[in-house]
Amino acid sequence: MATTPPAPRRKPKPEITRIGERQLKPATLMMGFGYDPTLSEGALKPPIFLTSTFAFPSAAEGKRFFEGITGQRPGGAEGLVYSRFNGPNQEILEDRLAVWDGAEDSLVFSSGMSAIATLLLASCGQGDVIVHSGPLYAATEDFIARTLSRFGIGYVDFPAGATQSEIAAALDQGKALAAEQGGRVAMIYLESPANPTNALVDIEAVAAARNELAPDAPIAIDNTFLGPLWQRPLDHGADVVVYSLTKYAGGHSDLVAGGLSGSRRWMDPIRMLRNTMGTILDPNTSWMLLRSLETLELRMTRAGENAAKVCAFLAGHPKVEDLGYLGMITDPRQEDIHARHCSGAGSTFSLFIKGGEAESFRFLDALKIAKLAVSLGGTETLASHPASMTHLSVPTERRSALGITDNLVRISVGIEDPDDLIADFGQALDAA
Ligand SMILES: *Cc1c(COP(=O)(O)O)cnc(C)c1O
């Protein structure tokens, strides 16, 4: 031990996170947190570190760094080793991503799906059961139902709006299945709001049921639709927050990335598997995300304001049957969850047009500003038709059970001028 040198100081210490008693806000920290310009020739912005490997200061330090890579030392490597494990751009991004959720640690991945796949593979073994809310993002649901099931991992689901006793019943069912298979309930996986229905999951009710029935099972939640600005699930009892950073965090529809945030206890084993599989994000995309996070609050705030104006217009339009917008919830239980968990209504919603597929397609084809594309959370407004696009592979029966009807159009409002958007939606509805 005496030959082990002290850990090098790669990151600025101490970080400036407060002024006097005042804790600095994420919007402020996004400009500098986690980066020390003096380590990069004074460059105000972090350079992109295009290197596959890193030179060790000494053999002893190389050994010490590897103890972090292999998990002999918790919390990740203390130094830079190899770009499948870590890198400066990725580490700065992870530090800043963690700030938004008040998490101890974050990990970034090559896509939202590689984050989800690594999370589930790191947490579940043969015989185990995942208890999850439904619906989930189609590829997540597919990964659980088709891929993990091949390795003897089972699942039980409950509807997004479920009450605490309904969630408890699903957990009991999961425990019974796990006992049969010789495993345990290894994870509770949520997505809220659910896509494309916008149904919210009561995280606090899930945590209460978990504490009673499966105290060792972590609660993970896909927070892509409202996070990180409008919902902070760790404050409500979740353990791991999941992001497709492709969406609001990236925010410009020009990159694909994923993230996980939570305490080291949960992040450490996931980092180990990421080291093995190589699902880490690349340096260039990490750098682009650092740029995106600087304007995250501005972009999301504007998009949210735009969505409120657009929805106020749509709600009064004679060709609109209904709106699935979190700013206009009618169900009292959903309203209660929204009031407890969320600080905004988001900018992604469902528009139910009077008619069916034909009317929806005419509406979509008539749009002039809004682009006809899947995805969400970008600066530009997008519109799509889930029944024939993102959810085409979902069996008709399950689709109607989830409320994915032929007259449902999914809209993600961007940061354009709101009155221009209203003019566009108005003329497209006239054409429907
Ligand atoms: C897009 C999305 C994902 C998948 O993310 P990718 O970055 O496309 O891999 C997962 N969950 C939700 C809710 C999404 O919208």
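In this convention, every chain numbers its residues from 1, walking through the sequence in written order. With the structure being a predicted model, the display of local features is reserved for residues of pLDDT at least 70 and the display and counting of side-chain atom pairs for 80 or more, all residues being used for whole-chain, interface and lining totals. Hydrogens and water molecules were not included; the side-chain quantities draw on all heavy atoms of the structure.

Participant: Looking at this structure, I do not really get the packing of helix α10 (residues 296-315) against helix α14 (residues 418-431). What am I missing?
Facilitator: Think of two packed helices as two axes; the pair is described by the angle between the axes and how far apart they sit. Here the axes come from fitting lines to C-alpha atoms, over the contacting stretch only for helices, and the angles between their N-to-C directions go from 0 to 180 degrees. Helix and strand assignments follow DSSP, with helices taken as H or I runs no shorter than four residues and strands as E runs no shorter than two, numbered in order from the N terminus. It is at 9 Å that the axes of α10 and α14 come closest, and there the two elements cross at 35°. Read as a crossing pair, α10 and α14 show a hand that is right-handed. Note on element contacts: α14 touches α10 through Pro418, Leu421, Ile422, Phe425, Gly426 and Leu429, opposite Arg302, Asn306, Lys309, Val310, Phe313 and Leu314. Residues are grouped as follows: Ala, Val, Leu, Ile, Met, Phe, Trp, Tyr, Cys and Pro are nonpolar; Asp, Glu, Lys and Arg are charged; every other residue, Gly included, is polar. For the contact of α10 with α14, the residue count by class is 8 nonpolar, 2 polar and 2 charged. The hand of a helix crossing depends on one turn: near helix anticlockwise from the far one by less than a right angle means left-handed, and clockwise means right-handed. Whether two residues are in contact is decided by their heavy atoms: any pair within 4.5 Å suffices.

Participant: For this particular structure, what's the right way to read the domain arrangement of the protein chain?
Facilitator: Often, the extent of an interface is quoted as the loss of accessible area upon association of its parts. Segment limits for the domains were obtained from an automatic or database-derived domain assignment. The domains assigned to the protein chain are domain 1 (88-294) and domain 2 (297-431). For domain 1 and domain 2, the distance between their C-alpha centres works out to 25 Å. Contacts between the two partners involve 38 residues from domain 1, matched on the other side by 39 residues from domain 2. Taking both partners together, domain 1 and domain 2 bury about 3,200 Å²; carbon and sulfur atoms supply 54% of that area. Summed over both partners, buried area is the accessible surface (1.4 Å probe) that two parts give up on being assembled. Taken as a group, Pro196, Trp230 and Tyr248 account for 25% of the area that domain 1 buries against domain 2, more than any other trio of residues on that side. What makes a salt bridge here is a side-chain nitrogen of Lys or Arg within 4 Å of a carboxyl oxygen of Asp or Glu, nothing more. Applying the counting rule to domain 1 against domain 2 returns 5 salt bridges. We call two N or O atoms a polar contact when they sit within 3.5 Å, provided that within protein one can donate a hydrogen and the other can accept it, with sequence-adjacent residues counted only if both atoms are side-chain atoms. At the junction of domain 1 with domain 2, the criterion picks out 23 residue pairs in polar contact (both at pLDDT 80 or more). Counting residues per element, the ones that place at least two in the side of domain 1 that touches domain 2 are α5 (138-147), α7 (203-213) and α9 (283-294).

Participant: It is not clear to me how the site of the ligand should be interpreted in this structure. Could you clarify?
Facilitator: By convention in these notes, a residue is near a molecule or strand provided one of its non-hydrogen atoms lies within 4 Å of it. Inspection of the region around the ligand gives 14 residues, with Met113, Asp222, Ser244, Thr246 and Lys247 positioned closest. For the ligand, an oxygen atom lies 2.9 Å from a polar atom in the backbone of Gly112. Take Thr246: an N or O atom from its side chain is 2.6 Å from an oxygen atom of the ligand. For accessible areas, the Shrake-Rupley method is used with a probe of radius 1.4 Å. Any residue's cover is judged against the shown protein chains and nothing else. With the chains in place, 92% of the 390 Å² that the ligand exposes on its own is no longer accessible. Ranked by the residues each element gives to the shell around the ligand, the list is headed by helix α4 (residues 112-123), at 3 residues. Of the residues assigned to the shell around the ligand, the class counts are 6 nonpolar, 5 polar and 3 charged.

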